[in-house]
Amino acid sequence: MSLHSGIPRAIAADVRRGERLEYWTLGWMASVVLVMWLVMGASQAMKAAVIEDVLSLVPAVVFLLSVRWERRRPTARFPFGYRRANSLAFLVAATALLSVGGFLAYESVSTLIRQEHPTVGGITLFGHTIWLGWLMLAALAYSVIPPIILGRMKQPIAERIKDKVLHTDALMQKADWQTGLAGIAGIVGIGLGWWWADATAALFISLSIIKDAVGALKQAVAELLDGTPRALDSNELSNDAKQLVAALKARFGKIDVRLRETGRYIAVEVDCLPPDAIPTAAELMGDDLAWRLASLSFRPEPGDTGP
Amino acid sequence: MVRALAPLLLLLMLAGCDALPRDASGTSERIVRDGRMRVAIAPGTPDAAAALSLLRDYARQYGARLTIVRVHGEHAPHWLEDGKVDALVGHFAKASPWMADISLSKAVGRPEPEDSKRPVLRIARRNGENALILATDRAVAAMAE
């Protein structure tokens, strides 16, 4: 057990899998941004979709950076290592998700208030002038596919390696494909002469994104304030944290137990004298999650000091 | 996700029922109904004839004729925005300050100038009138060929 060094062997393969998925995300989403940029024309809705897609790269980038830092050895300047980089990355990813939701909501509301009528005209390709909306629909359909696949692949890995950044990135991918579908509905709406369709669809999607982002932000702040470990998908205490507290109380009686999370790792402080036989991480957490318990400290109360 | 896709598929089926796009404020339908297309010419547009000829051909397709609306230069883009005219013929730069408020066609009867700030003959349409915009874009492209 150590709070300070590298990635445990038990999850190393999954972390590498997560990294590979994030490199795929960067490549695939960059191609989506390029395709959308090529067909966006003067459409504000498409410009918003492109900006949203660029912002959606943030969680993938900070995940890759935080894993890189997590592997670094402690130094004299950072004697506790860099595992908390994951917590910081989580805050950045949650903020990026909130920015996407907020930006989309602002664009939608301002379009509805100003009653802007989106213009999608023609584009001449190979001597034929076609409605640019058809190209936009094709680009948006393409933009929906990668996030659906990548998001679904990331979720089980995020659960296994207890990585909230990867989980937030999966939420970002959900935001991406939902925004893409809203964009398709919007362009079809524009084609049918319903100028409000695009903004209305985007507004509903933005509210769902903001809800997810606020939840993630609450968790990120809790983690940075040394709160008890939270579940991946809500601000509730995580099941393994509750089980760990129960296991410690069963072993040491009615004692105070404090848990905090540094990135994906749990550190425990128990208010009692150190026992003769210190329980192993596997005894307290089970074999599968033993890697998650990075530190167990015993803090005798002044009156507890033995002979 | 299937539930999310259902309304989308419905929209796409709707789209397939009729030609897209349509006008948000129904300019094309109104031109057909009234039998006239209201066009304003911005002052200082001596070469407006090429654009007017193009618009006349468009109107004729729908059994309509052109009606030239006299409007003060300063008011012309606002009249277009407000739907008081259906098209405005004038000299506009590609990077015109009006480009967000009205929809500008490509240069009429000549190649697009390299300098995006150089005003050339264009047809301005009301934003959101996508059927009219696409039809006139096609006519401008055909003229360029």
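Only a predicted model underlies this, so the values are computations on that prediction, with no experimental measurement involved.

Caption draft 1: Spatial organisation of the overall build of chain A. Across its full length, chain A holds nine helices and five strands. The order of helices and strands in chain A, counted from the N terminus, is α-α-α-α-β-β-α-α-α-α-β-β-α-β. Principal axes of the C-alpha set define a box for chain A whose edges measure 90 × 35 × 35 Å. Taken over 307 residues, chain A has a buried fraction of 45%. Partitioning the intrachain contacts of chain A with sequence separation of at least 6 by distance along the chain shows that 72% fall at a separation of at least 24.

Caption draft 2: Spatial organisation of the interface of chain A and chain B. At the junction of the two partners, chain A supplies 19 residues and chain B supplies 20 residues. Those elements that provide at least two residues to the side of chain A that touches chain B are β1 (122-125), β2 (128-131) and α6 (164-191) of chain A. By residue number, the principal contributor to the side of chain A that touches chain B is α6(A), which donates six residues. Its residues placed into classes, the side of chain A that touches chain B shows 10 nonpolar, nine polar and no charged.

Caption draft 3: Region of the structure containing the domain arrangement of chain A. Residue and element names in this part refer to chain A. What the domain assignment lists for chain A is domain 1 (9-224) and domain 2 (239-304). Inter-centroid distance (C-alpha atoms) of domain 1 to domain 2 is 38 Å. Between domain 1 and domain 2, the residue contacts involve 12 residues of the former and seven residues of the latter. Mapped onto the side of domain 1 that touches domain 2, the elements with two or more residues apiece are α1 (9-39) and α4 (85-114). Broken down by element, the side of domain 1 that touches domain 2 gets its largest block of residues, three residues, from α4. Here the residues of the side of domain 1 that touches domain 2 sort into four nonpolar, two polar and six charged.

Caption draft 4: Expanded view of the packing of helix α3 (residues 58-70) of chain A against α4(A). All names here are of chain A. Between α3 and α4, the least distance of the axes is 9 Å, while the angle of their chain directions is 175°. The orientation of α3 with respect to α4, classified from their angle, is roughly antiparallel. Each of V58, P59, V62, F63, L65, S66, W69 and E70 in α3 lies in contact with α4, whose residues at this interface are A85, N86, A89, V92, A93 and A96. Looking at the contact of α3 with α4 residue by residue, the classes come out as 11 nonpolar, two polar and one charged.

Caption draft 5: A look at the sheet that holds strand β4 (residues 265-270) of chain A. Residues and elements named next belong to chain A. Ordered in space as β3-β4-β5, the three strands form an open sheet in which the pairing is mixed. The open sheet has two edge strands, β3 (257-262) and β5 (293-298), and neither has a second partner. Neighbour to neighbour, the strand axes of the sheet diverge by 15° on average, direction disregarded. Alignment of β3 against β4, held across six bridges, turns out to be antiparallel. Within β4, the residue paired with E261 across the bridge is I266. Contacts from helix α8 (residues 239-252) reach β3 and β4, with the element oriented near 145° to β3.

Caption draft 6: Structural detail: the nonpolar core. Membership of the largest hydrophobic core comes to 81 residues, with the highest contact counts inside it found for A93(A), A94(A), L97(A), M136(A), I187(A) and I266(A). Here this core takes 14 residues from α6(A), the largest share from any one element. Both domains that furnish three or more residues to this core are identified here as domain 1 (9-224) and domain 2 (239-304) of chain A. In this structure, I41(B), L54(B), V71(B) and V85(B) belong to the second largest nonpolar core, which totals 29 residues.

Caption draft 7: Structural detail: helix α7 (residues 197-224) of chain A. Its 28 residues place the ends of α7(A) 40 Å apart at the C-alpha level, agreeing with the 40 Å of an ideal helix rising 1.5 Å per residue. The positive-phi residue at the C-terminal boundary of α7(A) is D226(A), with phi of around 60°.

Scoring rules and cut-offs
- Counting restarts for each chain, with residues numbered from 1 along the sequence as it is written.
- Chain letters start at A and ligand numbers start at 1, both assigned in the order the entries are written.
- Local features in a predicted model are, by the rule used here, given only for residues with pLDDT of at least 70; side-chain atom pairs are given and counted only at 80 or more, and totals for whole chains, interfaces and linings are based on all residues.
- Strands are runs of DSSP state E lasting at least two residues, helices are runs of H or I lasting at least four, and both sets are numbered from the N terminus onward.
- Buried residues are those with 20 or more other C-beta atoms within 10 Å of their own C-beta, exposed residues have 12 or fewer, and partly exposed residues lie in between; C-beta atoms are placed from the backbone.
- Any residue pair is listed as a contact if its two C-beta atoms, each placed from the backbone, are within 7 Å.
- Here the term charged refers only to Asp, Glu, Lys and Arg, the term nonpolar to Ala, Val, Leu, Ile, Met, Phe, Trp, Tyr, Cys and Pro, and the term polar to all other amino acids, Gly among them.
- Domain delimitation in this document rests on an assignment produced automatically or drawn from a domain database.
- Axes here mean lines fitted to C-alpha atoms, for a helix over just the part in contact, with angles spanning 0 to 180 degrees between N-to-C directions.
- By definition in this entry, angles of less than 35 degrees are roughly parallel, angles greater than 145 are roughly antiparallel, angles of 65 to 115 are roughly perpendicular, and the rest are oblique.
- In short, DSSP must find at least two bridges between two strands for them to pair.
- Put simply, a nonpolar core is buried Ala, Val, Leu, Ile, Met, Phe, Trp, Tyr and Cys residues tied into one set by C-beta atoms within 7 Å.
- Expected helix span is computed as 1.5 Å times (number of residues minus one).

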